[in-house]
Amino acid sequence: MAEKPEITHEDANPHCRGAAMATADVEAWFVREVLPLEAILMQYLRHHWPEKSQIEDLRQDVYVRICEFAQKEIPDPPKPFILATARNLIIDRLRREQIVPIEIIADIDLLGLAADVPGPERSAVARDELRRLQAALDSLPPRCREAVALGKIEGLSGREIAARMAVSEATVSEHIDKGMCVLADVLYGDMSVFGKAS
Amino acid sequence: MTHATHKESAPADAASVNACAAAWLRRRQFWDWTEEEQAGLDAWLAESAAHRVAYWRLNAAWSRTDRLAALRRETDDAVGRSKKRFGRVAAASLAIAIMIVMSAGFWFLRPLEKTYTTALGGKQTIVFADGSKIELNTDTALRVNFRQRSVWLDRGEAYFQIKHDPRHPFVVMAGSGRVTDVGTRFFVRRDLSRLKVALVEGQAQFDSLNIPSETPKSLLPGDVVIATPTSTTLLRESSKNLSSELGWRKGVLVFEHTTLLDAAAEFNRYNSEKVVVADDASAHLTINGTFRTNDVEAFADAAHGVFGLRVETRNGEAIISR
């Protein structure tokens, strides 16, 4: 979408001074520089945090931290900053949880920031994206995939999709919401579907 | 170490934030989007950085797939032209890209149709990625399969301006008739039991599915095919006549030695207020003139002024008689 929401974080946060970044700038930076590194971030998180069910929460917290930081100053280059943020977050969590599995601490000390996890670079070109997208779409249940296709490729509205598929609009909404989340996971997060499909 | 998540100072768990972000994005993309909803989204985004990053992320992924869809179309289009247009290196890399697309069994390539309809008096133009255009006249329904470059004219009339693509001929199906283009401008009009195809420019082929023994007819500019369930007739019309018949594209009806009966029938295609010519003698008077498609009154005035006919309006009908 072309329009950016008209909120500026500095309004909401009195601690920020004049140099603060506009939210739209942070969004642009986030989409351009951070999201392409999501696969690397996810690999790092999965490597250092054994509880798979919490990975999505960790990812969100990393993004929140770096975007809050970016309101003041855009970190450049982004990759070491993202990984350092992930590392600090993990250490914070371990501390708070009090029961700290020894191997995790050891792991972090061992790898530290030097852990420059090799991962797909941004230059992973269109064909990789195509394959990923294919994998993502294949992973959707057929009806969900159909709803996404009707919306995405044919440009139908929600109502038209519901009519075409002969289901309720609520069902279409469920399909689309799920499709959006899976597409993001696969395109950015290099989630397992990709591994299987290629 | 597993159950501490909920004590986080960070906002609600990522899954539910994601679900909310998806719901906003979906409403914005697929349902009518009002200013109030925009305000609601803005407020939700302002609530926390977690909301913002989740929304940005889904939105970015969703838009990124748009680009992939576009890439697919360009790649598809480029196949037929690559040899002429690109240098050898470019052609080679393009070929590789295309092979990969094909080997992916690309999901986008599944056949899908889209339906377009116009109301009485309505008009609509559909533009293809390659610049080909279809203009729909009043009260028309057609289905388009963009991938196969196929169109089904279910009712009404449409004017086609098609960019030729040797690998993907453009096909129009209308009732029992089929038009295959070779780079053309033509129109197809489907009335109750009569199909009319007129070629304005270029080359095309017409064949009838009802009469399979017939060989396909090659059409040249000015050729007009009239097909009924039992017959196919080939006529010639002057280009002036054809462009008169396409007056609707500019919102006008052009009559030349047209009987009042036929003229009334033309008006009735565009307007809910019907024109009725009540007696035989009046019906066979002929008129010349250009009228706006929705200006029944001007037509009635002309009938009155030129021929001294009576015009009465009754039950939403304009009745013309001696």
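Residues numbered from 1 in each chain as written. Chains lettered and ligands numbered in written order. Predicted model: local features only at pLDDT ≥ 70, side-chain atom pairs only at ≥ 80, totals over all residues.

Remarks on unusual backbone geometry
Note on backbone geometry: most residues besides glycine have negative phi, and most peptide bonds are trans.
At step 1: The omega torsion across Asp76(A) and Pro77(A) is 0°, close enough to zero to call that bond cis.
At step 2: Along the chain, Pro77(A) turns up in the loop between helix H4 (55-72) and helix H5 (78-97).
At step 3: At His257(B), a position not held by glycine, the phi torsion is positive, near 50°.
At step 4: Its place among the elements puts His257(B) in strand S12 (residues 252-259).
At step 5: With 8 C-beta atoms packed within 10 Å, His257(B) lands in the exposed category. (Helix = DSSP H or I, 4+ residues; strand = E, 2+ residues; numbered from the N terminus. Buried ≥ 20, exposed ≤ 12 C-beta atoms within 10 Å, placed from the backbone.)

Description of the pairing of strand S15 (residues 310-314) of chain B
All names here are of chain B.
At step 1: Little of S15 sits out of view: just 0 of its 5 residues are buried.
At step 2: Looking at chain direction, S15 and strand S16 (residues 317-321) are connected through 5 bridges and run antiparallel. Residue pairing for S16: threonine 313 is matched across the bridge by alanine 318.
At step 3: Between S15 and S16, which pair antiparallel in sequence order, lie 2 residues; one of them, asparagine 315, sits at a positive phi of approximately 50°. (Pairing = 2+ DSSP bridges.)

Considerations on the packing of helix H8 (residues 142-152) of chain A against helix H9 (residues 158-165) of chain A
Residue and element names in this part refer to chain A.
At step 1: Between H8 and H9, the shortest axis-to-axis distance is 10 Å and the interhelical angle comes to 130°. As summarised for this structure, H8 and H9 are arranged oblique, according to the angle between their axes. The chirality of how H8 crosses H9 is right-handed. Counted together, Glu146, Ala147, Leu150 and Gly151 of H8 and Ile161, Arg164 and Met165 of H9 form the full contact between these two elements.
At step 2: Classifying every residue of the contact of H8 with H9 gives 4 nonpolar, 1 polar and 2 charged. (Axes fitted to C-alpha atoms, helices over the stretch in contact; angles between N-to-C directions. Parallel < 35°, antiparallel > 145°, perpendicular 65-115°, else oblique. Left-handed = near helix turned anticlockwise from the far one by under 90°. Contact = placed C-beta atoms within 7 Å. Nonpolar A, V, L, I, M, F, W, Y, C, P; charged D, E, K, R; others polar.)

Let's talk about helix H10 (residues 169-189) of chain A
A turn of α-helix holds 3.6 residues, and therefore any two residues three or four places apart point the same way.
At step 1: For H10(A), which comprises 21 residues, the first-to-last C-alpha distance of 29 Å matches the rise-based estimate of 30 Å (1.5 Å per residue) to within 8%.
At step 2: Of all 21 residues making up H10(A), 16 are buried, and the element is well covered by its neighbours. (Expected span 1.5 Å × (residues − 1).)

A few points about the sheet that holds S16(B)
All names here are of chain B.
At step 1: With mixed pairing, the 3 strands of this open sheet are ordered in space as S13-S16-S15. Where the open sheet ends on each side, the last strands, each with one partner, are strand S13 (274-277) and S15. When strand polarity is set aside, the average angle formed by the axes of neighbouring strands in this sheet is 25°.
At step 2: As paired strands, S13 and S16 are joined by 4 bridges and run parallel to one another. Bridging from a neighbouring strand, lysine 274 pairs with glutamate 317 of S16.

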